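Here are the chains, one letter per residue:
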Amino acid sequence: MARAGLLIRGARLVFPSGVRDGDCLVREGKIAALGEVKAPGTRVLDADGRYLAPGFLDLHVHGGAGADFADGDPEAAQAIVRFHAGHGTTGLLATIASAPVERMRKAIAALAGVPGILGVHLEGPFLNPEKAGALDPEGFLPPSREAFRKLVAGFETEVRVVTFAPELPGALDLVAEIQGIGAVPAIGHTAATYEQASVALRHGAHHVTHLGNAMGGLHHRGPGCVGAALLSAASLELICDGVHVHPAFVHLVVEFLRGRGDLHRLCLVTDATSAAGMPDGRWRFANREVRLQHGEVRLADGTLAGSALTLDRAIRNAIRFANLPLEDALSLVTANPAHVLGIGGERGALAVGATADLVLLDPDLTVGATLRAGEIIFSHNLF
Ligand SMILES: [Zn+2]
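The structure displayed is predicted, hence computed values, not measured ones.

## A word on the coordination of the zinc ion
Working step 1: In the first shell of the zinc ion, the protein supplies His60 (NE2), His62 (NE2), Glu123 (OE) and Asp271 (OD), at 2.1 to 2.3 Å from the metal.
Working step 2: Around the zinc ion, the 4 donor atoms are arranged such that angles at the metal cover 83 to 166°; this shape is classified as irregular.
Working step 3: All donor residues of the zinc ion come from one chain, and their arrangement in sequence is H-x1-H-x60-E-x147-D. Linking Glu123 in strand 10 (residues 117-123) with Asp271 in the loop between strand 15 (266-269) and strand 16 (281-285), this pair joins segments that are 148 residues apart in sequence.
Working step 4: By relative accessible area, Glu123 is classed as buried at 1%.

## Notes on the domain arrangement of the chain
Working step 1: In terms of domains, the chain is made up of domain 1 (6-53 + 350-379) and domain 2 (56-340).
Working step 2: The straight-line distance from the C-alpha centre of domain 1 to that of domain 2 is 29 Å.
Working step 3: Counting residues at the interface gives 21 residues for domain 1, matched by 17 residues for domain 2.
Working step 4: Contact between domain 1 and domain 2 buries roughly 1,300 Å² in total, counting both sides, with carbon and sulfur atoms accounting for 71%.
Working step 5: Linking domain 1 to domain 2 there are 0 salt bridges.
Working step 6: Those elements that provide at least two residues to the side of domain 1 that touches domain 2 are strand 1 (6-15), strand 2 (18-27), strand 5 (51-54), strand 19 (358-361), strand 20 (367-372) and strand 21 (375-379).
Working step 7: Broken down by element, the residue count for the side of domain 1 that touches domain 2 peaks at 4 residues, all from strand 20.
Working step 8: Considering only residue class, the side of domain 1 that touches domain 2 consists of 14 nonpolar, 4 polar and 3 charged.

## Some thoughts on the UniProt feature "active site" (unreviewed entry) in the chain
Working step 1: As recorded in UniProt, the feature "active site" (unreviewed entry) lies at Asp271.
Working step 2: With residues up to four places along the chain from it excluded, the contact list for Asp271 reads His60, His62, Glu123, His210, Ile239, Gly306 and Ser307.

## Re helix 1 (residues 74-85)
Working step 1: Between its first and last C-alpha, helix 1 extends 17 Å over 12 residues, near the 16 Å set by a 1.5 Å rise per residue.
Working step 2: Within helix 1, the full set of buried residues consists of Ala76, Ala77, Ile80, Val81, Phe83, His84 and Ala85.
Working step 3: The residue sitting at the N-terminus of helix 1 and contributing the capping side-chain oxygen is Asp73; that oxygen lies 2.9 Å from the backbone nitrogen of Glu75.

## Looking at unusual backbone geometry
Negative phi characterises most residues that are not glycine, and trans characterises most peptide bonds.
Working step 1: Of the consecutive residues Gly124 and Pro125, the connecting peptide bond is found in the cis state with omega at 10°.
Working step 2: Relative to the assigned elements, Pro125 resides in the loop between strand 10 and helix 3 (145-152).
Working step 3: Even without a glycine there, the phi angle at Asp48 is positive, about 55°.
Working step 4: Mapped onto the secondary structure, Asp48 falls in the loop between strand 4 (43-46) and strand 5.

## Structural notes on the environment of Ala32
Working step 1: Turning to its location among the elements, Ala32 is positioned in strand 3 (residues 30-35).
Working step 2: Under the relative-accessibility criterion, Ala32 is labelled partly exposed at 35%.
Working step 3: Measuring from C-alpha to C-alpha, the distance between Ala32 and Ala356 comes to 8.7 Å, with 324 residues separating the pair along the chain.
Working step 4: Once residues within four sequence positions are removed from consideration, Ala32 is found in contact with Leu25, Val26, Arg27 and Val352.

Basis of the calculations
Residues numbered from 1 in each chain as written. Predicted model: local features only at pLDDT ≥ 70, side-chain atom pairs only at ≥ 80, totals over all residues. Heavy atoms only, no water. Donors = N, O, S within 2.8 Å, 3.2 Å for Na, K, Ca; no water. Tetrahedral: all angles 85-135°; square planar, octahedral: opposite > 155°, others 65-115°. Helix = DSSP H or I, 4+ residues; strand = E, 2+ residues; numbered from the N terminus. Buried < 20%, exposed > 50% of the residue type's maximum accessible area, 1.4 Å probe, protein only. Domains from an automatic or database assignment. Contact = heavy atoms within 4.5 Å. Buried area = accessible area lost by both parts, 1.4 Å probe. Salt bridge = Lys/Arg side-chain N within 4 Å of Asp/Glu carboxyl O. Nonpolar A, V, L, I, M, F, W, Y, C, P; charged D, E, K, R; others polar. UniProt positions renumbered as here; feature names shortened; annotations may be inferred. Expected span 1.5 Å × (residues − 1). Polar contact = N/O pair within 3.5 Å; in protein donor to acceptor, adjacent residues only side chain to side chain.

Below, the structure is given as structure tokens:
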């Protein structure tokens, strides 16, 4: 079907510069033309005035639909990807929470060849137990080059982001190791002071894992990791569910970045767990029991344990919390994460030649259909 071509007609095309009416021709998995397109004999999908945007990219996903990437099960991995595709996500980083090294490696091995998985985000194990959040500190390791090499051996091309706590002794040695496999050194689950975080961000770390969560807050006498992150050039993850960070915090971050012309640094992530898309009750997160209630996922002691968020809802929240125009909100889940992964222009872009990972959105920004490489992988009463 994608080979023969597909014309999505009558859409409202969402570009970073704004929304324009037009059509989108897909051929051989790529966007072949945009604007007013004539392609006789091509199969036509009528968008009926819906928004057409690049598919969403999520840098931080643990699970969904009852499954967790930590299960180390290829079918579970496919179920997670399918669930998030129903919410517009066409590419994600399977995020493996800190665990004993062999268990993390088994989880990575199970992801091979699952379409829609763009790589792996290792959330640990070189993290600070003081800021474990819902992760099990049992598996945390002191930073060392040898331990890192053992962890990623054979998976150097899969691992794309590695979160570590920069204040731990030897942590900065990890930066060169992480860069050495072409991955993004990210700081998180950290008790770093403003000064410690600033040093790491000047020495090659250039991504901050769920800004505001599992790190000290922004205090006027101790601006901490949040202060250092904002004043750096790093890309920033934000869990925009209205629970992990206050809506006004989202607004503050957006206003600050916009004022600097730096909104391109912000990426919305879900940090979704197996509870996402499931009814209230008990679920699992990285081998621990968690409870989903009122849209919040927590350990028995009340600690937030990932989320039940999806990216379509994160976008709607961002628009509401920070008065963002649609095209800016969509950049937070398309162009910006693509740039972090070094695949800007090829993914997360509505551009001729880009991979035809696309999402059709209803006027209320719920997902009508999702296409990956030109193939419809999700449709809600549409086609
Ligand atoms: Zn996480």
